[in-house]
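Remarks on the overall topology
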Amino acid sequence: MDAADGLPLVFDGPIAIVGGGNVDAALLRALAKIGVMLVGADGGGDAIGAAGLVPAAIIGDLDSLSDRAAWESRTRVIHIPEQITTDFQKAIYSTRAPVTLALGMTGKRLDHTLAALSAVLQFAPERKLMLVDEVDVAFASVGPCGFEAAAGERVSIHPLVRVGFVRSTGLFYPLDGLVLEPGGLIGTSNAATGGRVEIEPEDKTPWLLILGKERLWDLLGELE
């Protein structure tokens, strides 16, 4: 399928964009079981196939996909040849969904991880995005957020760019009046005091809320 045909792909429920990094096949199957639609970002289509699943679409410049012709007989394969953006960016701008997970975008190669973070910063103002790796889930928050957390649970707040915070409750190290930024003060390895955590930034600058991977299901339920 040519890039201009039938885009963007519109999904009523959550999607998971899958890249060529480290991907948990069991997690892909669990997501598919609850109705999350899987989209391969180029070679990520092969990772979905290796889990015994068929993606709703495969999108990218297709330089990493193992057998394009075989995939075209099974699903939508959308070739976007431009080299200005990554396959992750192509998959984001070619889809619309209420919640977007991203798996296989981090780990394996540092440049891919950094590119994924750049894409999250770019699209977070208009998309609910979550990066998922082997250990963590990182939600791109825009504005205030709140959630329940157990006492001692790790709650990391990572600034993608300079971001100020008005207040927080439920954190061992409060964010009240702090400015976090790369190369300066950051908020990783904070911890919950138990109960409700509330975080209020000064504006809608995107920042990452990083929790343990087991919290994926909680976040997904709250965001739908």
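Look above for the structure.
Let me sum up the structure you'll find in this document. Computed from a predicted model, the values in this text were never measured in an experiment. (Residues numbered from 1 in each chain as written. Predicted model: local features only at pLDDT ≥ 70, side-chain atom pairs only at ≥ 80, totals over all residues. Heavy atoms only, no water.)

**With respect to the overall build of the protein**
In plain terms, the rule: Numbering goes from the N terminus for both helices and strands, where a helix is a DSSP run of H or I of at least four residues and a strand is a run of E of at least two. Each radius of gyration reported is based on C-alpha atoms, and the globular scaling rule is 2.2 Å times the count of residues to the power 0.38. Note on exposure labels: buried denotes an accessible area under 20% of the residue type's maximum, exposed denotes more than 50%, and partly exposed covers the range between, all computed with a 1.4 Å probe on protein chains only. Whether two residues touch is decided by their heavy atoms; if any such pair falls within 4.5 Å, the residues are in contact.
A count of helical and extended segments in the protein gives 6 helices and 16 strands. For the protein, whose C-alpha radius of gyration is 18 Å, the value lies close to the compact-globule estimate of 17 Å for 224 residues. C-alpha atoms of the protein, sized along the principal axes, occupy 55 × 35 × 30 Å. In the protein, which comprises 224 residues, the share counted as buried stands at 50%. If you take every contact in the protein between residues at least 6 apart in sequence, the share linking residues at least 24 apart comes to 64%.

**Things to note about the pairing of strand S2 (residues 15–18)**
In plain terms, the rule: The pairing criterion is simple: DSSP has to find at least two bridges between the two strands.
Across the two faces of S2 the burial is the same, with Ile15 and Ile17 and Ala16 and Val18 all buried. Pairing between S2 and strand S3 (residues 37–41): 4 bridges, direction parallel. Note that in S3 the partner of alanine 16 across the bridge is leucine 38. Pairing analysis gives 4 bridges linking S2 to strand S7 (residues 100–103), with the strands arranged parallel. Paired with alanine 16 across the bridge in S7 is leucine 101.

**Some words on the sheet that holds strand S15 (residues 195–201)**
The 4 strands lie next to each other as S10-S15-S12-S13, forming an open sheet whose pairing is antiparallel. In this open sheet, the two edge strands, each paired with only one partner strand, are strand S10 (145–149) and strand S13 (179–180).

**Quick notes on the side chain of threonine 100**
Short version of the rule: In protein, a polar contact requires one atom able to donate a hydrogen and another able to accept it; more generally it is a pair of N or O atoms within 3.5 Å, and residues adjacent in sequence count only if both atoms are side-chain atoms.
Along the chain, threonine 100 falls in strand S7. Among the residues examined, threonine 100 registers a relative accessible area of 0% and is labelled buried. Polar side-chain contacts of threonine 100 include one of 2.8 Å to the side chain of arginine 127.

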